[in-house]
Amino acid sequence: MTAAAPALARGNAEQRSPLALAALLLLPIAIVNAIGFLLPIINLLKLSFYQSSETGALVEIFTFNTWLRIATDTFYIQMLVRTTLISLLITLLTLLVSYPIAFFIYRSTGALRSIMVVLVISPLLTSAVVRTYGWVAILSEQGLVNNLLSFIGAGPYRLIFNATGIVIGLTEILMPYMILSLMAGFGRLDHRYEEASLSLGASPLRTFLTVTLPLTLPGIALGCLLCFVIAVSAFITPQLLGGGRVFLLATEIYHQAIVTLNWPVAAVLSMIVLIVFGAALALYARALQALE
Amino acid sequence: MADAHLVVDGVTKTYQAFTAVEDLSLTVPRGKLVALLGPSGCGKSTTLRMIAGLVPVSSGRIVVGDRDITGTPPHRRDIGLVFQSYALFPHLSVAQNIAFGLKTRGLGRAEIARKVEDAIRLVHLQGLAERYPKQLSGGQQQRVALARALVIEPSMLLLDEPLSNLDAKLRDQMRNEIRDIQQRLAITTVFVTHDQVEALAMCDLVAVMNQGRLEQVGTPLDVYERPATAFVAGFVGRTNRFEARGRGDNTVTLGQASLRLPRPVSGRIDIMIRPHRIRLHPLTQAPAADGQTNQARGTIRRITFVGDVIQADVQMCDAVLAVETATSQAGYPFSEGAEIVASWRVDDTLAFEAKP
């Protein structure tokens, strides 16, 4: 509030009260964010420059060693690339399976729409742990999918404790977020645009590609950003469905912090995840700008 | 009369229990502008959307030229459509919007550019080609929508309430422009509107609809002067309406007045008289009874000056008669409370048998 005071004195009568009110309303969340978000990140940043001793104890000296080691270690570089690629694949698959559902819900009305929305949201009411164990039961060697495949003489395929399991599990878990984002972004869609396109001689497929799809791009961008970020930071599902065989940033951070007790490495990896988020956000902002 | 271009033949549209359009038949001559006029919910927009192919018909046929298009999907109908909300593609510029239909037809770039330029000139939008729809005023958007529909040189043009989102002044201007363009291109056009002024002023033919049915099709003058039904008389133009009972001859009694009608009537009937067909006279100058006019005594309750006409409410027994007189330089010889005689021609006394 003290910082706002001179600005208030300078502002004219009309501007003063909304500005002061905005500052006042933003203050609580600003404090919460400062304590709960900004401080820990600064701490993490500090931690990433400390040294870990042989015994796991922290040595509070400033060094670039951890950063340099991770930046030159192909294990970590591959992990970063793998995490990004798997998350992108999950995002793409989530988009492909969610789009028709979101579109159908957006176009339906009345009770059907309400029921569909509830159905979409309902998985969020169960913990991701429970849903992941559900996938374990479905995808394991004796699971539903392989049992069904054995009927037609195929398989068994290895669908779990590898990247495939992670992709399948996370895609399903992220679908509600994608569907809700898509529906939020469908606001610009008016069926009159599609009718206009048809009346101008465009086939239904052409109408979808040249009118419907471009108009729903804001929703697609939002959903993809959200799902990519969640996929990169997801820990429980990759941990359980990856079976410790797929090395991803989030699981490695856990491993370094809890098992190996190398906090500086965990801190550096956390900062790298943050950088990936920043890049995704920048890309999203650029995409939105291009859409305007 | 030109040959029939569009034939709507006994078309019905039902939604579960609700009948939106019932057994509608309409023939539109080539190159003419036809209005579908009616109150909201009368089925006129549904009819237009069935012609465009956006709504499937429940029964009946739609024929354009010699081609039955009843089952043809909308993108193969070759019909230009302008929406009430214009429905310009928000992600495309004016030029791209207009080029949309040309691209779907696979025209070459140079040809598209030339046609788009021509279309932009046709609707007076030079210099706005690179703008986006949200940067345009309502009138400009309207022109883009028109250009986009016309540039593909469709066999027919359908306009769905194209003027209702414009302010009054712009509406008059666009009305004339649309009529000009329609006549210049001689394109068969169906124009949906709830505004009788638009329908009467712009169109070659007016089809009045009510509750999913066609009430009357005729020239604007026909519909106005010779309404076929009580609904048409009431919907097109102002009118006085009284209920009476016919006795099988061509007179009815209305309060204390006995009125002559142009034809014999029986049963419950509606009497309608246009306000501007009624003349007022001082008691001393009542016209002689000649069998060609009806007259009734009354008292002027209220006089309202509305520019080009003066409206008077005349109390006659328990009914009020609205009268309109053109404003003249000589002034208005009556004042509120004056006792007068109102007269009008027998031919202007419209009588309709009430529907059971």
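1. Looking at the overall build of chain A
Phase 1 of the analysis: In terms of regular secondary structure, chain A is built from 14 helices and two strands.
Phase 2 of the analysis: For 292 residues, the compact-globule estimate of 2.2 N^0.38 gives 19 Å, and the C-alpha radius of gyration of chain A, at 24 Å, exceeds that figure by more than 25%.
Phase 3 of the analysis: With the C-alpha coordinates aligned to their principal axes, the bounding extent of chain A is approximately 75 × 70 × 35 Å.
Phase 4 of the analysis: The buried share of chain A, taken over its 292 residues, is 36%.
Phase 5 of the analysis: Summed over its atoms, the accessible surface of chain A is roughly 16200 Å², and 72% of this surface lies on carbon and sulfur atoms.
Phase 6 of the analysis: Of the charged side chains in chain A, 14 are positive and 11 negative, and the gap between their average positions amounts to 4 Å.

2. Observations regarding the packing of aromatic side chains
Phase 1 of the analysis: Per the counting criterion, the structure on display carries 14 aromatic pairs over all chains.
Phase 2 of the analysis: A ring pair is formed by F49 of chain A and F62 of chain A, whose centres lie 4.9 Å apart and whose planes are at 20°; its orientation type is stacked. One end of the pair, F49 of chain A, is in the loop between helix 2 (13–48) and strand 1 (51–52); the other, F62 of chain A, is in the loop between strand 2 (58–59) and helix 3 (65–72), with 13 residues separating them in the sequence.
Phase 3 of the analysis: With a relative accessible area of 62%, F62 of chain A lands in the exposed category.
Phase 4 of the analysis: The structure contains a cluster of three or more aromatic residues connected by ring pairs, namely Y99, F103, Y106, F186 and F208 of chain A.
Phase 5 of the analysis: Over the ring of F89 of chain B we find R148 of chain B; its NZ or CZ atom is 4.6 Å from the centre of that ring.
Phase 6 of the analysis: A cation over an aromatic ring shows up here: R274 of chain B above the ring of Y224 of chain B, its NZ or CZ 4.4 Å from the ring centre.

3. Observations regarding helix 2 (residues 94–104) of chain B
Phase 1 of the analysis: With nine of eleven residues buried, helix 2 of chain B is to be regarded as a mostly interior element.
Phase 2 of the analysis: Turning to helix 2 of chain B, the residues buried within the fold contact helix 9 (191–199) and helix 10 (204–215) of chain A together with helix 3 (109–122) and helix 4 (138–150) of chain B.
Phase 3 of the analysis: Looking one or two places after helix 2 of chain B, you find G106 of chain B, whose phi comes out positive at around 70°.

4. Observations regarding the confidence of the model for chain A
All names here are of chain A.
Phase 1 of the analysis: Of the residues in chain A, 95% have a pLDDT of 70 or more, and the chain-wide mean is 88.
Phase 2 of the analysis: Mean pLDDT across the secondary structure elements of chain A bottoms out at helix 1 (residues 4–10), with 45, and peaks at helix 4 (residues 74–107), with 95.
Phase 3 of the analysis: Counted against residues more than four places away or in other chains, residues 1–11, with its pLDDT under 50, gives five contacts.

5. A few points about the side chain of S343 of chain B
Residues and elements named next belong to chain B.
Phase 1 of the analysis: With respect to the helices, strands and loops of the structure, S343 is situated in strand 19 (residues 339–345).
Phase 2 of the analysis: Under the relative-accessibility criterion, S343 is labelled buried at 6%.
Phase 3 of the analysis: Engagement of the side chain of S343 in a polar contact is seen with the side chain of H281, the distance being 2.7 Å.
Phase 4 of the analysis: For S343, the residues in contact, after removing those within four places along its chain, are R277, I278, R279, H281, P287, N294 and Q295.

Calculation criteria
Residues numbered from 1 in each chain as written. Chains lettered and ligands numbered in written order. Predicted model: local features only at pLDDT ≥ 70, side-chain atom pairs only at ≥ 80, totals over all residues. Heavy atoms only, no water. Helix = DSSP H or I, 4+ residues; strand = E, 2+ residues; numbered from the N terminus. Rg over C-alpha atoms; globule rule 2.2 N^0.38 Å. Buried < 20%, exposed > 50% of the residue type's maximum accessible area, 1.4 Å probe, protein only. Areas by Shrake-Rupley, 256 points an atom, 1.4 Å probe, with all protein chains shown as cover. Lys, Arg positive; Asp, Glu negative; His and termini not counted. Charge placed at Lys NZ, Arg CZ, Asp CG, Glu CD. Phe/Tyr/Trp six-rings, centres within 6.5 Å; stacked < 30°, edge-to-face > 60°. Lys NZ or Arg CZ within 6 Å of the ring centre and 35° of its normal. Contact = heavy atoms within 4.5 Å. pLDDT = per-residue confidence, 0-100. Polar contact = N/O pair within 3.5 Å; in protein donor to acceptor, adjacent residues only side chain to side chain.

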